[in-house]
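Residue strings, one per chain:
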Amino acid sequence: KRILKTMSKKNNPPVVDDSPVSTEQQPAYVDELLTNGTTILTAKTRDGLAEMVNTIPADVHYSAGAVAVNHETGVFALRVDISH
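Okay, so let's go over this structure. Fair warning: this is a prediction, and the values are worked out from it, not measured in the lab.

**Focus on the pairing of strand 3 (residues 38-43)**
- On strand 3, burial follows the alternation: Thr-39, Leu-41 and Ala-43 on one face are buried, whereas Thr-38, Ile-40 and Thr-42 on the facing-out side are not.
- Across six bridges, the pairing between strand 3 and strand 6 (residues 75-82) is antiparallel. Residue pairing for strand 6: Thr-42 is matched across the bridge by Ala-77.

This is the structure:
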């Protein structure tokens, strides 16, 4: 499908974009996962990581390792890979 994008609500001509139609904006880490096949999620809490994982689309099959903790900063990290 083709999407027509406008630069503003003024009289600027529309720009044609051949990207897939998306009904909602995806977080940058989801885009990175879908583009590169892998991403590292970081959050201040385990619950924060869980919320990030829950935003991955249901039709994406992925695998994840163990949660790592940086004891100096208190940041939790999780590597997520697309599995085929």
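**Observations regarding the pattern of salt bridges**
- Within the structure shown, the criterion is met by one salt bridge.
- Between Asp-81 and Arg-79 there is a salt bridge, and its shortest N-O distance comes to 3.1 Å.

**A word on the nonpolar core**
- The biggest cluster of nonpolar side chains holds 13 residues, and the ones touching the most others in it are Tyr-29, Leu-41, Leu-49, Met-52, Ile-56, Leu-78 and Val-80.
- Of all elements in the fold, only helix 1 (28-36), strand 3, helix 2 (46-54) and strand 6 reach the threshold of two or more residues within this core.
- Among all residues touching Tyr-29, those that are not within four sequence positions of it are Thr-39, Leu-41, Met-52 and Thr-55.

**Here's the deal with the side chain of Thr-39**
- By the element assignment, Thr-39 lies in strand 3.
- Judged by its relative accessible area of 3%, Thr-39 falls in the buried class.
- Among the polar contacts made by the side chain of Thr-39, one reaches the side chain of Glu-32 at a distance of 3.2 Å.
- Leave out the neighbours within four places in its chain, and Thr-39 touches Tyr-29, Glu-32, Leu-33, Leu-78, Arg-79 and Val-80.

Each value, and the rule that gives it
- Here the residue index of a chain counts from 1 through its sequence in written order.
- Side-chain atom pairs in this predicted model are given and counted only at pLDDT of 80 or more, local residue features only at pLDDT of at least 70, and totals for whole chains, interfaces and linings cover all residues.
- Neither water nor hydrogens contribute to the side-chain values; these are computed over all heavy atoms in the structure.
- Burial classes: relative accessible area under 20% of the type maximum marks a residue as buried, over 50% as exposed, and values in between as partly exposed (1.4 Å probe, protein chains only).
- Put simply, DSSP marks the helices as runs of H or I at least four residues long and the strands as runs of E at least two long, and each gets a number from the N terminus on.
- Pairing between strands is defined by DSSP: at least two bridges between the two strands are required.
- Any carboxyl oxygen of Asp or Glu that lies within 4 Å of a side-chain nitrogen of Lys or Arg is treated as forming a salt bridge with it.
- As used in this record, nonpolar core signifies buried Ala, Val, Leu, Ile, Met, Phe, Trp, Tyr and Cys residues forming a set joined through side-chain atoms within 4.5 Å.
- Contacts: residue pairs with any heavy atoms within 4.5 Å of one another.
- Two N or O atoms form a polar contact when they lie within 3.5 Å of each other; inside protein one atom must be a possible hydrogen donor and the other a possible acceptor, and for residues adjacent in sequence the pair counts only when both atoms belong to side chains.

By themselves, these figures tell us nothing about what the structure is for.
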